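# Fold and geometry: a report
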Amino acid sequence: MTIQFKDESFRGDFTYANSPSNIPRFPFPFPEDEYMYSTNIEPHHAARVGSPFENAFDVDEHYVAEMKDRALVLADDPGRCQALPHMETAGWDFLELVMVSKARDYPDLFKLTMDGGHWHWINKPLQIDDTFTFGDSSTLPCHPMEYIGRQVQGDHAILDQRDGNLWMDAGIITAQADWSLDFDIGMNFFEWHAPVPLAHELGVFQRALKFLLTLPQGQPSRRLNWTLTVNPRLDTSPENYPKWGPDKLTVTPENIGEKVHLRVELQTFWRLPRSNAILFPIRTYLMAMNEVVTQPKWGRRLHRVMRDLRPELVNYKGLSRYHPILVEWLSQFDDGAPTSPGIFPD
Amino acid sequence: MSESLIEESILSRPTYGTLKIVPGLAHYFLADASGAECVIRVVQELPRDMMEKVHILYVPTPGEAALITSLYALGAKRFEHFPTIEEAVSKLGDWLSDAKMGTQLYLAGTEGLVGQGVAKGEACGLDHTAVQCEHRGSLARRVQCVHCKTMIENVTTQPVKCPSCDLLLLVRDHYSRRLAAFQGVCINAEDPSEEIEIKEVFK
């Protein structure tokens, strides 16, 4: 399988789009016609050939363009990539996991040769060919987390485990849905989730933390999370809110299909072997409403989910300004027919 | 960010207790004028022979002398006062760099002082169980502008104008112990023409 990497942008002229063949593999996040928080964690087993769950780290047609966008964000704001001093070993754990997984899952794109501590890494799509000594940061151009983080789609937080809690002590976060690594670094699990409404009261975070603290090595888990974004913009950080906030005013009934994007995070959880830290990749997938509704099941279900969304969540997810016209627009794709269970298209 | 002006408190927002001496090899106090009475309250109850273990840093209100006199009269091993929280916290760092296991840190006063004392204690390797905080005085907040990263001291209004980038910031309850600051996020980013009344809310 060879992937055709797209030349596209996530800012400015926003040329990002999904190829027709890429649409059905989108990780649609709603298994039912209504949405409420749940921990919804399942084993990150290989599933469905061609789906984003097939491989440990999904690589798709947007890979090269996303890595270019990451480089732009980091050049503008180096604070998007930070690690507290004790997270060096975890950075190497992360690098190893990604290199070993990608070389195994995409042998035509990535190649890793390990000769004791002497490693040789080839990343064909990004034209990288490097040798280095594993564990020796002086042999890499930057922190191991940043080095590999610039070569893997999605944001990556690395969580230290101590005192019966998880601590956000490192991360490379350039495509976030409105949270700041620079502000949250050093916080524990409850603290960095503090602004999320309702979920604390429902016990969601207590259950999730309990699960994660006992996450074993070699048995990664995953869950989906979602929000909406106007324009296919990856960098919706609070730092740049004045740049992307005004986009919300540009939504009209005429352009909503192309402007509003379903933004899905495929979150996975990996216990790292040397540091005992947890790697938390947050892989973002974007799809315009016009593309979502090409799958009749998704169009119908999305209408029901949006129509019945709790007001607190409409507010928290920042949808208030265009939520009513979105529900109205989506209603034309809901014929009232029942939907099949699960997230995959019919 | 369309949040109501005054949020209910959230889990990252610090909570405070009441200072109480616990067993320790050394006791470090940091207070401002509103917290001075807390220091006097607990230190006064200590036996004289324990004063060798007590170290006090104080940030007086400009022009005020009575509390300086009262704190000095406690007879601590070391007592120093500084005109700003920043200088006092910096001195605390110097003192804690020599501190040994069994050190206890006591912070009393406004949130800005307490927060910066906690961050300094943490940076010096003090376990959070060895730090006690008592909040007194104004609810003024220390706020970080998430956009330009400027620290804004003594914020009493909602929203507050960032003195550096001029954006009008919603002061959230989201709090970083590491920065000892609340988060400020542009309140009218979606529609900069929106006019928002500035009210004094953190008194």
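Residues numbered from 1 in each chain as written. Chains lettered and ligands numbered in written order. Predicted model: local features only at pLDDT ≥ 70, side-chain atom pairs only at ≥ 80, totals over all residues. Heavy atoms only, no water.

Here we take up the overall build of chain A. Across its full length, chain A carries twelve helices and ten strands. Taking 346 residues into account, the globule formula puts the C-alpha radius of gyration at 20 Å, and chain A, at 20 Å, falls close to it. Principal-axis analysis of the C-alpha atoms places the extent of chain A at approximately 60 × 45 × 40 Å. Within the span of chain A, comprising 346 residues, buried residues form 60% of the whole. A separation of at least 24 residues holds for 73% of the contacts in chain A among residues at least 6 apart in sequence. (Helix = DSSP H or I, 4+ residues; strand = E, 2+ residues; numbered from the N terminus. Rg over C-alpha atoms; globule rule 2.2 N^0.38 Å. Buried < 20%, exposed > 50% of the residue type's maximum accessible area, 1.4 Å probe, protein only. Contact = heavy atoms within 4.5 Å.)

Another point: the packing of aromatic side chains. Inspection of every chain in the model, using the stated rule, returns 28 aromatic pairs over all chains. For the ring pair Phe28(A) and Trp298(A), a centre distance of 5.0 Å and an interplane angle of 5° mean the geometry is stacked. On the criterion of sequence distance, the pair formed by Phe28(A) in the segment before strand S1 (42–43) and Trp298(A) in helix H10 (residues 296–307) is long-range, its members being 270 residues apart. Under the relative-accessibility criterion, Phe28(A) is labelled buried at 0%. Among the residues examined, Trp298(A) registers a relative accessible area of 0% and is labelled buried. Each ring, one from Phe29(B) and one from Tyr106(B), has its centre 4.6 Å from the other, and the planes form 15°; the classification is stacked. Of this pair, Phe29(B) sits in strand S1 (residues 26–32) while Tyr106(B) sits in strand S4 (residues 103–109), placing them 77 residues apart in sequence. (Phe/Tyr/Trp six-rings, centres within 6.5 Å; stacked < 30°, edge-to-face > 60°.)

All names here are of chain A. Within strand S9 (residues 260–271), twelve of the twelve residues are buried, leaving the element largely enclosed by the surrounding structure. By the alternation rule, side chains of S9 split into Val-260, Leu-262, Val-264, Leu-266, Thr-268 and Trp-270 and His-261, Arg-263, Glu-265, Gln-267, Phe-269 and Arg-271, which are all buried. Pairing of strand S8 (residues 221–230) with S9, which is carried by ten bridges, proceeds in the antiparallel orientation. Bridge assignment links Thr-229 to a residue of S9, and that residue is His-261. (Pairing = 2+ DSSP bridges.)

As a further point, take the state of the cysteines. Residues and elements named next belong to chain B. Taken as a whole and assessed by the stated rule, the structure comprises zero disulfides over all chains. The thiol of Cys-145 is not disulfide-bonded; the next cysteine sulfur, from Cys-165, is found 3.7 Å away. The structure places no disulfide on Cys-186, whose sulfur is separated from the nearest cysteine sulfur, that of Cys-165, by 7.9 Å. (Disulfide = S-S within 2.5 Å.)

So, on to the sheet that holds strand S4 (residues 118–123) of chain A. Residue and element names in this part refer to chain A. Spatial strand order, S3-S4-S5: three strands in an open sheet with antiparallel pairing. Edge strands, defined here as strands with exactly one partner in the open sheet, are strand S3 (110–115) and strand S5 (128–133). Geometrically, the sheet is characterised by an average inter-axis angle of 10° between neighbouring strands, direction not taken into account. On top of the sheet, helix H2 (residues 88–105) reaches S3, S4 and S5; it is set at about 120° to S3, its chief contact. (Axes fitted to C-alpha atoms, helices over the stretch in contact; angles between N-to-C directions.)

Turning to the pairing of S8(A), a few remarks are in order. Residue and element names in this part refer to chain A. Burial of S8 is extensive: ten of the ten residues sit out of reach of the surface. Burial along S8 is two-sided: Ser-221, Arg-223, Asn-225, Thr-227 and Thr-229 facing one way and Arg-222, Leu-224, Trp-226, Leu-228 and Val-230 facing the other are all buried. One ladder, built from two bridges, connects S1 with S8; its direction is antiparallel. Of the residues in S8, the one forming a bridge with Pro-43 is Ser-221.

Let us look at the interface of chain B and chain A. With 27 residues of chain B in contact, the opposing surface of chain A contributes 26 residues. For the pairing of chain B and chain A, the buried interface totals around 2300 Å² over both sides, and the portion due to carbon and sulfur atoms is 55%. At the junction of chain B with chain A, the criterion picks out six salt bridges. As a salt-bridge pair, Arg321(A) and Glu194(B) come within 3.4 Å of each other at their nearest N and O atoms. Contributions of two or more residues to the side of chain B that touches chain A are made by strand S10 (168–176) and strand S11 (181–186) of chain B. (Buried area = accessible area lost by both parts, 1.4 Å probe. Salt bridge = Lys/Arg side-chain N within 4 Å of Asp/Glu carboxyl O.)

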